[in-house]
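Below are the chains, spelled out letter by letter.
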Amino acid sequence: MKNSLKLLPAACFVVIVFLGSMMCGRYPIGLEDILTFLSVDHSVVRFQEPAVNVLYHIRLPRILLALLVGASLSMSGTLFQGMFRNPLVSPDILGVTSGCCFGAALGILHPGTSPLLIQLLAFSFGILAVILTYTIASLSRGQRVVMLVLAGSVISAFFFAALSFLKYIADPYEQLPAIVFWIMGGFHRASWDMVRTLLFLLVPCMVFLILTSWRVNVLSLGDEEAASLGVNVKLLRPVLIVVATLMTSCCVSVSGTVSWVGLVIPHIARLTAGVNHDTSMPMSMLLGSGFILLVDDLARTVTASEIPISILTSAIGAPFFAYLLIKEGQKSAWR
Amino acid sequence: MPGDNNGCIEVSNLRFSYAQDCVIKGCSFRVSRGVLCCLLGRNGSGKSTLLRLINGTLQPDSGQVTVDGIDVHSTQRAITGRKLGFVPQKHNHVFPYRVLDMVVMGRTPYLDIFSRPSREDYLIADKALDVMGIPHLRERSCAEISGGEEQLVLIARAITQEATYFLLDEPTSHLDFANQHMILTTIRRLVKEQKCAAVVAMHDPNLSLRFADHIVMLDNGTIMHEGPTDEVMTEDNLEQLYDIKVKVADVGGGGKCILPRSAAPSL
């Protein structure tokens, strides 16, 4: 009960940003119109009206995509920081992002390039990167958690080298800018098809992470204590890694890299909702989705052309985090 | 299972090696309920390893450990977690959980993967805090409490597991003189009142002499001497174990004290 109260302001924040996001943009739409639009039965909506058209076909899918990506990355970040007992960990740690970027670049260079091919290759290479990381860690005899993090940085370095090579051989007038722009990320590719696929894939993962979040507390005590407390670490950790990898890979393959979210939001969630993953996990979901939506609103409205999302997430996230570290440092979750 | 296996931890012919290095070379002993057993040995003699083998968090090369007749290494963790309560030496927990949240994690073996502790589970945790005499720490953060209080919290967690067998890895090593005695008194009271058993890895022979019912002396992965405290804690055995000259002095009132025989260093 007390915990749900902590989440209430964050939920209100998301709803307000959601309504604000539907209002803002090149075509001005008032709050009243939006509330009628949301309350009306969609089967009878007349799509001729330009306002409804803009809302339904352009703004809504993009808003939903931003919410989904923000929530997924933040939740994976919270899970990984807890599971790997490390405050510097983000969802990229096992090499997903670098694998996705390499896959996307491969798709852009492919003669038969198409948005779908780019997404599929990005997604597949993201998954492949984590499989490689996990294999390397399994082959070594060292401490499992440390080995996973180290193997992840090995795989990341490898895929970034491969990506650099692709950039080097890419056509500098068409392909290279496309690769660079893709990697910097954004939600301009949003469509209802994409949102439907992502809803189908990501919502079950999110539900799973919320349901298992209490157990992440036990896992965060370290392998030995978790096993002593009756957790089958050898089963639970791979399952959670698969879920988080699936989520991150889905997100990065549709929106490119969205830096800082998976690192910073879990910290902010912990500072506001406490260290217990039972509350910090749903808090990450709310704060992450609201934050990314807010930043995406800026990305599409501040200038005439679109600003890549990762530039804004870093530019806003980094100073805000620095402020939190200084102001809230004394009650920090990491001491 | 045969009835004589019930109500005890039975370690039989246990062998274990890290890579090529043989650390435990065939250990067998038994600890029954109501007994406080201390593992003594020099650094690197294999005390902690043996404790982890009993706990089932290390897999032996051969031999077996049974608890109430259940083979620890071929049984699900959720089952052994209801029997064995492991108390680590010094926890280096990254997240400063609330004390009550830390203690209620002892309920994990009774919960399935998707559930979280219920009201009853929190009541059991509260009761464990009462048993340990630390209900006032309930709402504190684990980062703010002292080393001795931390040990008490971890023992409370093992009580919340409703474990019958407690495995403690050097529970006194970071504590001051008073807290060392307080912790071991508490463990002994627990063992006697609740008919539990405890296997405690220890460095201090004096504390072992005072609190243990049973002593296992471990040397380089083999059991050197084993038996009731009075019989095993002799000058000869201690000298053999620690490789220094030892005197067991009578301090009156039935109390004994183990001292090195060499003269105290002059200033």
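That block above? That's the structure.
Residues numbered from 1 in each chain as written. Chains lettered and ligands numbered in written order. Predicted model: local features only at pLDDT ≥ 70, side-chain atom pairs only at ≥ 80, totals over all residues. Heavy atoms only, no water.

We now examine the packing of aromatic side chains. Tallied over the entire structure, the rule returns ten aromatic pairs over all chains. Seen in terms of ring centroids, Phe-102 of chain A and Phe-125 of chain A are 5.1 Å apart; in terms of plane orientation they differ by 75 degrees. Their pairing is edge-to-face. Here Phe-102 of chain A is found in helix α4 (residues 96-109), whereas its partner Phe-125 of chain A is found in helix α5 (residues 115-139), with 23 residues between them in sequence. For the pair formed by Phe-102 of chain A and Phe-125 of chain A, the shared burial category is buried. In this arrangement the basic side chain of Arg-107 of chain B is found over the ring face of Tyr-110 of chain B, its NZ or CZ atom lying 4.2 Å from the centre. (Phe/Tyr/Trp six-rings, centres within 6.5 Å; stacked < 30°, edge-to-face > 60°. Helix = DSSP H or I, 4+ residues; strand = E, 2+ residues; numbered from the N terminus. Buried < 20%, exposed > 50% of the residue type's maximum accessible area, 1.4 Å probe, protein only. Lys NZ or Arg CZ within 6 Å of the ring centre and 35° of its normal.)

Attention now moves to the state of the cysteines. Evaluated as defined, the whole model comprises zero disulfides over all chains. For Cys-101 of chain A, which is in no disulfide, the shortest distance to another cysteine sulfur is to Cys-100 of chain A and amounts to 6.8 Å. Among the cysteines around Cys-37 of chain B, which has no disulfide bond, Cys-38 of chain B carries the closest sulfur, lying 6.8 Å off. (Disulfide = S-S within 2.5 Å.)

On to unusual backbone geometry. All names here are of chain B. With phi around 55 degrees, Lys-195 is a residue other than glycine that occupies positive phi space. Relative to the helices and strands, Lys-195 is located in the loop between α6 (177-193) and β8 (197-202). Not every positive phi belongs to a glycine, and Asn-220 is a case in point at roughly 50 degrees. Structurally, Asn-220 can be placed in the loop between β9 (214-219) and β10 (222-228). Among the residues examined, Asn-220 registers a relative accessible area of 47% and is labelled partly exposed.

Listed per partner, the contact involves 35 residues of chain B and 31 residues of chain A. Taken over both partners, the interface formed by chain B and chain A buries close to 2900 Å², and the fraction arising from carbon and sulfur atoms is 59%. For chain B, the biggest contributors to the area lost against chain A are Val-94, Phe-95 and Arg-116 of chain B; these three give 23% of the whole. Put simply, Glu-224 of chain A and Arg-52 of chain B hold a salt bridge, and the shortest N to O gap is 2.4 Å. For the pair chain B and chain A, the number of links is 14 residue pairs in polar contact (both at pLDDT 80 or more). (Contact = heavy atoms within 4.5 Å. Buried area = accessible area lost by both parts, 1.4 Å probe. Salt bridge = Lys/Arg side-chain N within 4 Å of Asp/Glu carboxyl O. Polar contact = N/O pair within 3.5 Å; in protein donor to acceptor, adjacent residues only side chain to side chain.)

To continue, consider the pattern of salt bridges. All names here are of chain B. Considering all chains together, one arrives at 21 salt bridges over all chains under this definition. A salt bridge links Arg-138 to Glu-139, with the shortest nitrogen-to-oxygen separation between them at 2.7 Å. Taken together, the salt bridges that share partners define one network made up of Arg-98, Asp-101, Asp-126, Arg-138 and Glu-139.

So, on to the environment of Pro-171 of chain B. With respect to the element layout, Pro-171 of chain B can be found in the loop between β7 (165-169) and α6. The residues contacting Pro-171 of chain B, other than those within four sequence positions of it, are Gln-151, Ile-183, Ile-187, Val-200 and Ala-201 of chain B.

Glancing now at a nonpolar patch on the surface. On the surface, a cluster of nonpolar side chains totalling about 430 Å² of accessible area is made up of Leu-199, Val-203, Val-207 and Leu-211 of chain A together with Ile-113 and Phe-114 of chain B. Within the element layout of this structure, Phe-114 of chain B appears in the loop between α3 (99-104) and α4 (119-131). Owing to a relative accessible area of 37%, Phe-114 of chain B belongs among the partly exposed residues under this scheme. (Patch = residues over 30% accessible without salt bridge, like charges linked within 9 Å, V, L, I, M, F, W, Y side chains within 5 Å. Areas by Shrake-Rupley, 256 points an atom, 1.4 Å probe, with all protein chains shown as cover.)

Residue and element names in this part refer to chain A. When we look at burial in helix α7 (residues 175-184), the residues that qualify are Ile-179, Trp-182 and Ile-183. Buried residues in α7, looked at end-on, bunch into an arc of 95 degrees, giving them a common side. On its buried side, α7 packs onto α4, α5, α6 (144-169) and α10 (233-255). Following α7 by one or two positions, Gly-185 has its phi on the positive side, about 80 degrees. (Arc of directions from axis to C-beta.)

Quick look at the sheet that holds β9 of chain B now. Residues and elements named next belong to chain B. Read across the sheet, six strands follow the order β6-β7-β8-β3-β9-β10 without closing on themselves; strand pairing throughout is mixed. The open sheet has two free edges, formed respectively by β6 (84-87) and β10, since each of these has just one partner strand. On average, adjacent strands in this sheet sit at an angle of 15 degrees to one another, irrespective of strand direction. Bridge count for β7 against β8 is five bridges, and the pairing is parallel. Residue Leu-167 lies in a different strand from β8, and its bridge partner there is Val-199. Contacts from α6 reach β3 (36-41), β7 and β8 within the one sheet, and its direction differs from that of β8 by about 155 degrees. Against the sheet, helix α9 (residues 235-242) touches β3, β9 and β10, its axis set at about 35 degrees to β9. (Pairing = 2+ DSSP bridges. Axes fitted to C-alpha atoms, helices over the stretch in contact; angles between N-to-C directions.)

Within the element layout of this structure, Asn-55 of chain B appears in helix α1 (residues 47-55). Among the polar contacts listed, one links the side chain of Asn-55 of chain B to the side chain of Ser-228 of chain A, at a separation of 2.8 Å. Here Thr-57 of chain B takes part through its side chain, which lies 3.4 Å from a polar atom of the side chain of Asn-55 of chain B. With sequence-adjacent residues up to four places away left out, Asn-55 of chain B is seen in contact with Ser-228 of chain A together with Val-72, Arg-77, Leu-84, Phe-86 and Leu-167 of chain B.

Our focus in this paragraph is the nonpolar core. Ranked by size, the top nonpolar core spans 166 residues in total, and within it Phe-80 and Phe-84 of chain A carry the most contacts. For this core, the leading source of residues is helix α3 (residues 50-83) of chain A, giving 17 residues. Once residues within four sequence positions are removed from consideration, Phe-84 of chain A is found in contact with Val-89, Ile-93, Leu-94, Val-145, Leu-148, Val-149 and Ile-241 of chain A. If you look at the next biggest cluster of nonpolar residues, it comprises 28 residues, including Ile-9, Val-23, Phe-29 and Leu-39 of chain B. (Core = buried A, V, L, I, M, F, W, Y, C linked by side-chain atoms within 4.5 Å.)

To continue, consider the pairing of strand β12 (residues 255-260) of chain B. Residues and elements named next belong to chain B. When strand β11 (residues 246-252) meets β12, the two strands line up antiparallel, connected through six bridges. Paired with Ala-249 across the strands is Cys-257, a residue of β12. Counted along the chain from β11 to the antiparallel partner β12, the turn is two residues long, and its residue Gly-253 has a positive phi close to 65 degrees.

With that out of the way, let us pick up the sheet that holds strand β2 (residues 21-32) of chain B. Residue and element names in this part refer to chain B. Read from one edge to the other, the open sheet built from four strands follows the order β2-β1-β4-β5, with strand pairing classed as antiparallel. A single partner strand is all that each edge strand has here, and the edge strands are β2 and β5 (70-71). For strand β4 (residues 62-67) and β5, the ladder comprises two bridges, and the chain directions are antiparallel. If you follow Thr-66 over to β5, its bridge partner there is Asp-71.

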